[in-house]
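Single-letter residue listing:
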Amino acid sequence: MLRDRISKQVLLCGAAAAIIGGGQAMAQTASGADSIEEIIVTATKQSTVLSKTPISIAAYSQEALDKRGVRDIRDVINQTPGVDITRSGATRVTIRGIDSTAGAATSAIYIDDTPVQARNASLNYNGSTLPYIFDLERVEVLRGPQGTLFGASSQGGAIRFITPTPSLNSYSGYGRAAVSKTKNGGEGYELGVAVGGPIVQDKVGARISFYHREDAGWIDRQSWQNAASRDEDVNSSAATVFRAVVTIQPTDWLTITPSVYHQNSKFDDRTALTTRCPATTGSVINPTLNPCPLGVSDPDNGKFLSYASIPQPSSDHFTVPALKMVAATDDLNFTSVSSFFKRHVKETNDATHGNDRTSFGNAYLYPVTPGFPQSITWQNPNIYQNLFTQEFRVNNTNPDARLKWSVGAYFSRSSLRSDLPINEPHYNALYLVRYGRTPQAAGVSPLVNGVARYYGNEWTVEKTTAIFANLDYKILDNLTLTLGGRYSKDILDFDVLERGVSYAGGVSRASGSMTTKPFTPKVALSWQATPAALYYASYARGYRTGGVNKALPDVCAAESSALGLGKAATYQPDTTDSYEIGSKNRLFGGKVQFEASAYYIEWKNIQQQLRLTCAFSLVANTASATSKGVDVNLNVRPVENSAARPGPGLQRRHLRQDHPDRHGPRGHRRPDAGTDAVDGQSQRRISLHGRGPGELRTRPVQLSQRQ
């Protein structure tokens with residue numbers, strides 16, 4: 001979950017300018033001057049009108065996102081029923097209640113045709129990265145399993161960030177700027193600009209964009225060990241995004257589009273609020289020391305404090321070069337997409353309290369060590385993620401054909417390297433205080449490199465080969481049967497090396513390989529009752545690959561055996577089976593758009609992280625669960641240039657088997673299950689200047705409250 005926070009952000013200055021030339025329509029086609037715009041989506045790997053696509057989709061153009069003040073994925077999710085985001089440690093997107101703290105992602109994240117989600121591996125707890133919202137053609141949120149077309153890790157659904165393609169015959173530009181002030185915090189700003197157009201008329205076009213954002217901090221950090229180590233508004237962050245794309249059309253039937261997308265985000269300090277604190281450390285050495293001399297956080301009164309001993313910065317940057325080629329004939333489209341995703345994450349984490357308390361007891365939650373001015377344990381995770389993908393697909397393009405089809409082949413190779421040292425220089429001295437003898441005398445393995453109580457290195461390589469097909473057959477002119485399927489072969493090779501004080505001999509290693517061959521089908525029936533009313537029913541399967549655990553030390557053996565897990569070197573795939581009915585309606589000449597869907601999902605063989613009392617954790621296939629709910633979306637344009645958009649969603653998740661990690665007995669709600677609140681909005685657009693296809697728009701001053 002997002003860190004507990006209540007603040008008010010006042011937008012002091014905001015302006016968005018869009019000079020949209022000739023053919024740049026941001027993927028929207030209006031069906032009437034006063035009607036809600038129709039959006040063209042590619043959720044089925046073909047261009048279709050949103051209101052006539054039998055999938056539960058929320059789609060937003062850049063223009064719509066700007067009207068609503070959307071700046072990042074959290075803002076999108078706040079307006080989308082059935083979707084949530086968690087940033088506690090790892091970043092995880094949850095769609096329709098399908099969420100797990102371990103293993104591969106449960107929701108797919110795409111930038112155009114490139115998947116950028118990441119698995120939570122043995123030593124990688126950072127989760128997926130998410131692009132910032134700037135210069136996008138649209139954002140598509142696909143609810144429900146999408147395994148047929150988007151493969152593994154789309155159990156709950158998928159989020160697609162679609163970037164604009166340069167025009168070959170007209171120029172366009174887009175800009176955005178804002179300054180903000182956070183109550184009880186600092187100042188922030190954002191600035192972005194994008195321009196594009198033809199280089200060679202009708203043959204070559206290009207588009208380039210740049211965006212920078214600074215977000216203010218609002219937490220003050222005071223080290224409990226060093227009174228001089230104090231900083232204000234430490235949890236500030238910054239992000240820079242750059243994108244360049246070229247479209248080349250040497251002939252009428254061939255289009256070549258190379259592109260590169262780069263994002264660099266930095267957090268100055270990811271410290272968490274201190275909301276509880278003992279009166280004294282209770283330490284054997286200095287039992288009267290008050291670790292929280294300024295008291296604890298009091299958000300209701302604007303007091304946000306952390307007593308972390310050190311700053312905890314992090315950086316996450318990635319680059320995505322891609323090449324898309326489309327060859328079009330009278331009846332067929334041949335598409336090839338090649339991409340490479342390269343990501344590097346680096347962090348510093350204060351791990352003092354958890355590690356020292358686990359090793360030495362509750363009296364060492366705030367450790368004080370003789371001979372050390374400060375007793376600090378810290379982690380420096382370093383993660384490198386590389387992913388190459390290649391997809392070929394062919395589809396027919398005749399709009400009058402009774403059978404529409406798309407077939408393709410997919411290959412990916414993903415490599416993940418994680419380095420995780422946990423440094424605790426005072427370990428030997430504190431061991432002597434606690435047990436009255438040195439670790440060496442007790443037969444404990446020595447610190448790694450003289451400073452690290454633990455040092456882990458993980459290398460995993462995952463290769464996927466798949467073929468897929470999707471068929472839409474018109475049984476009647478207004479009744480369509482959809483059949484789809486994807487067959488994959490997944491190979492995971494792993495090697496996990498761990499060294500530290502918990503391992504007999506100081507070293508442990510787990511390596512091997514696992515292969516799975518999943519099939520993910522889809523069946524749907526859709527009825528276009530009128531040009532403005534669509535009804536559908538569907539079944540789809542989602543899939544998530546298995547993985548590998550790091551080796552458990554001997555101290556965990558008894559607990560692992562008691563849970564029936566043994567050494568649990570690997571864990572198996574899990575699946576979701578989704579049953580859904582839905583409708584999409586445009587009413588009153590397109591002024592009202594109503595969408596509703598009800599779903600029932602069976603989640604089997606769930607991968608979950610189990611935290612053991614020996615301070616280690618592992619992933620196991622634990623229980624089964626069900627998720628069921630309703631998504632409702634209503635768009636209303638009651639008067640010219642105005643729109644209201646309430647979008648409620650309800651969902652419930654229940655366990656179907658007893659869970660060994662004490663999440664609850666059969667039939668109980670999962671502890672993270674929740675009800676999505678009703679969300680309602682209205683906007684009004686004010687046009688200051690209109691000059692044909694281009695106009696300047698402003699947004700009114702906003703007062704918003706974030707929690």
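Look a little higher up for the structure.
Cut-offs used in this document
- Residues numbered from 1 in each chain as written.
- Predicted model: local features only at pLDDT ≥ 70, side-chain atom pairs only at ≥ 80, totals over all residues.
- Heavy atoms only, no water.
- Helix = DSSP H or I, 4+ residues; strand = E, 2+ residues; numbered from the N terminus.
- Buried < 20%, exposed > 50% of the residue type's maximum accessible area, 1.4 Å probe, protein only.
- Contact = heavy atoms within 4.5 Å.
- Areas by Shrake-Rupley, 256 points an atom, 1.4 Å probe, with all protein chains shown as cover.
- Arc of directions from axis to C-beta.
- Pairing = 2+ DSSP bridges.
- Disulfide = S-S within 2.5 Å.
- Salt bridge = Lys/Arg side-chain N within 4 Å of Asp/Glu carboxyl O.
- Core = buried A, V, L, I, M, F, W, Y, C linked by side-chain atoms within 4.5 Å.
- Phe/Tyr/Trp six-rings, centres within 6.5 Å; stacked < 30°, edge-to-face > 60°.
- Lys NZ or Arg CZ within 6 Å of the ring centre and 35° of its normal.
- 1 Å grid on protein atoms, 1.4 Å probe; cavity = no way out; pocket = protein on both sides within 12 Å on 5 of 7 lines; lining within 4 Å.
- Points joined across faces, edges and corners; volume = space filled by probe spheres on them.
- Nonpolar A, V, L, I, M, F, W, Y, C, P; charged D, E, K, R; others polar.
- Axes fitted to C-alpha atoms, helices over the stretch in contact; angles between N-to-C directions.
- Left-handed = near helix turned anticlockwise from the far one by under 90°.
- Patch = residues over 30% accessible without salt bridge, like charges linked within 9 Å, V, L, I, M, F, W, Y side chains within 5 Å.

A. Spotlight on the overall build of the chain. A count of helices and strands for the chain gives six helices and 43 strands. Every one of the 707 residues in the chain was classed for burial, and the buried ones make up 55%. For the chain, contacts bridging at least 24 residues in sequence account for 69% of all contacts bridging at least 6. Just so you have it, the chain exposes about 29,500 Å², and 57% of that area is on carbon and sulfur atoms.

B. Examining helix 4 (residues 352–360) more closely. What helix 4 keeps buried is the set Thr 352, Asn 355, Asp 356, Ser 359 and Phe 360. Projected down its long axis, helix 4 shows its buried positions confined to an angular sector of 100°, all on one face. Gly 361 lies just past helix 4 and shows a positive phi near 110°.

C. Representation of the sheet that holds strand 9 (residues 114–115). Spatially, the five strands line up as an open sheet ordered 5-10-11-8-9, and their pairing is mixed. Both edges of this open sheet fall to strand 5 (57–61) and strand 9, since each of them pairs with a single strand only. Here strand 5 pairs with strand 10 (residues 138–143) via five bridges, running antiparallel. Within the sheet, the bridge partner assigned to Ser 61 lies in strand 10 and is Arg 138.

D. Summary view of the environment of Pro 287. Within the secondary structure layout, Pro 287 lies in the loop between strand 18 (254–267) and strand 19 (305–306). Taking relative accessible area as the criterion, Pro 287 reaches 42% and is therefore assigned partly exposed. Sequence separation between Pro 287 and Ala 363 is 76 residues; the distance between their C-alpha atoms is 9.1 Å. Those residues in contact with Pro 287, other than ones at most four positions away along the chain, are Thr 280, Thr 281 and Gly 282.

E. Broad picture of the state of the cysteines. Counted according to the given criterion, the structure contains one disulfide. Covalently, Cys 277 is tied to Cys 292 through a disulfide, its sulfur atoms 1.9 Å apart. Because the sign of the S-S torsion sets the handedness, a value of about 90° for the bond joining Cys 277 and Cys 292 places this disulfide among the right-handed ones. Highlighted residues: Cys 277 in the loop between strand 18 and strand 19 and Cys 292 in the loop between strand 18 and strand 19, separated in sequence by 15 residues. On the accessibility criterion, Cys 292 (6% relative accessible area) is buried.

F. How the structure looks around the sheet that holds strand 19. The strand order across the open sheet formed by three strands is 16-15-19, and the pairing between neighbours is mixed. Each edge of the sheet is formed by a strand with only one pairing partner; in this case those strands are strand 16 (230–231) and strand 19. Looking at chain direction, strand 15 (residues 220–222) and strand 16 are connected through two bridges and run antiparallel. Residue pairing for strand 16: Arg 221 is matched across the bridge by Asp 231.

G. Broad picture of the pattern of salt bridges. Throughout the structure, instances matching the rule amount to 30 salt bridges. For Glu 580, the salt bridge is made with Arg 96, and the minimal N-O distance between the two is 2.9 Å. With a gap of 484 residues between them, Glu 580 in strand 33 (residues 574–587) and Arg 96 in the loop between strand 7 (92–95) and strand 8 (107–111) connect regions that are remote in the sequence. Comparing Glu 580 with Arg 96, the two get one shared label, buried. Note that Asp 269 is salt-bridged to Arg 221, the shortest N-O span being 3.7 Å. Here the residue Asp 269 occupies a position in the loop between strand 18 and strand 19, and Arg 221 occupies one in strand 15, the gap between them amounting to 48 residues. Summarising the burial analysis for this pair, Asp 269 and Arg 221 share the class buried.

H. Molecular detail of the nonpolar core. Core analysis: the biggest nonpolar cluster contains 33 residues, and Ile 73, Val 76, Ile 133, Val 139, Ile 159 and Phe 161 have the highest contact counts within it. Top element by residues in this core is helix 2 (residues 73–78). It accounts for three residues. Discounting residues that sit within four places of it in the chain, Val 76 has contacts with Tyr 60, Leu 65, Val 70, Ile 133, Val 139 and Val 141.

I. Geometry of the packing of aromatic side chains. Inspection of the entire model under this criterion finds 16 aromatic pairs. Between Trp 224 and Tyr 366 the ring centres are 5.0 Å apart and the planes differ by 90°, which places this aromatic pair in the edge-to-face class. With Trp 224 in the loop between strand 15 and strand 16 and Tyr 366 in the loop between helix 4 and strand 23 (378–379), this pair connects stretches of sequence that are 142 residues apart. For Trp 224, a relative accessible area of 6% translates into the label buried. For Tyr 366, a relative accessible area of 8% gives the class buried. Among the aromatic residues, those joined into a ring-pair cluster are Phe 360, Tyr 364, Tyr 427, Tyr 431 and Tyr 435. When the ring centre of Tyr 410 is taken as origin, the NZ or CZ atom of Arg 486, which lies over that ring, is 5.2 Å away.

J. Seen up close, the pairing of strand 26 (residues 452–476). Sheet topology note: the strand 25 (residues 403–423)/strand 26 ladder contains 21 bridges and is antiparallel. Looking at strand 26, one finds that Asn 423 is bridged to Ala 452. One ladder, built from 22 bridges, connects strand 26 with strand 27 (residues 479–500); its direction is antiparallel. Its bridge partner lying in strand 27, Lys 463 is registered against Ile 491.

K. Focus on empty space enclosed by the protein. For the structure shown, the criterion picks out nine cavities of 30 Å³ or more. For the largest cavity, the lining is made up of 29 residues, of which Gln 117, Ala 152, Ser 153, Glu 462 and Thr 464 are closest to its centre. Mapped onto the lining of the largest cavity, the elements with two or more residues apiece are helix 3 (147–150), strand 24 (382–396), strand 25, strand 26 and strand 27. Here the lining of the largest cavity is composed, by residue class, of 13 nonpolar, 12 polar and four charged.

L. Spatial organisation of the packing of helix 4 against helix 5 (residues 427–435). For the pair helix 4 and helix 5, interaxial distance at closest approach is 11 Å and the crossing angle is 40°. For the element pair helix 4 and helix 5, the recorded crossing hand is right-handed. In this structure, helix 4 uses Asp 356, Ser 359 and Phe 360 to contact helix 5, whose residues at the interface are Tyr 427, Leu 430, Tyr 431, Arg 434 and Tyr 435. Broken down by class, the residue content of the contact of helix 4 with helix 5 amounts to five nonpolar, one polar and two charged.

M. Focus on a nonpolar patch on the surface. A cluster of nonpolar side chains, Leu 403, Leu 471, Tyr 473, Ile 475, Leu 476, Leu 483, Val 523 and Leu 525, forms an exposed patch at the surface whose accessible area comes to about 640 Å². With four residues, the single largest contributor to the nonpolar patch is strand 26. Note that Leu 471 resides in strand 26.

N. Highlighting helix 5. Taken together, the buried positions of helix 5 are Tyr 427, Leu 430 and Tyr 431. Projected down its long axis, helix 5 carries its buried residues within an arc of 105°, all on one side. In this fold, the buried residues of helix 5 make contact with helix 4 and strand 26. At the exit of helix 5 stands Gly 436, carrying a positive phi of roughly 75°.

O. Summary view of the pairing of strand 28 (residues 507–516). Bridge count between strand 27 and strand 28: 10 bridges; the pairing is antiparallel. Within strand 28, the residue paired with Leu 492 across the bridge is Met 514. Linking strand 27 back to strand 28 in an antiparallel pair, the connection comprises six residues, with Gly 505 at a positive phi of about 80°.

P. Local environment of unusual backbone geometry. You will see that Lys 45, though not glycine, has its phi angle at about 65°, which is positive. Along the chain, Lys 45 turns up in the loop between strand 3 (38–41) and strand 4 (48–49). Residues other than glycine seldom take positive phi values, yet Asp 135 does so here, at roughly 50°. With respect to the helices, strands and loops of the structure, Asp 135 is situated in the loop between strand 9 and strand 10.

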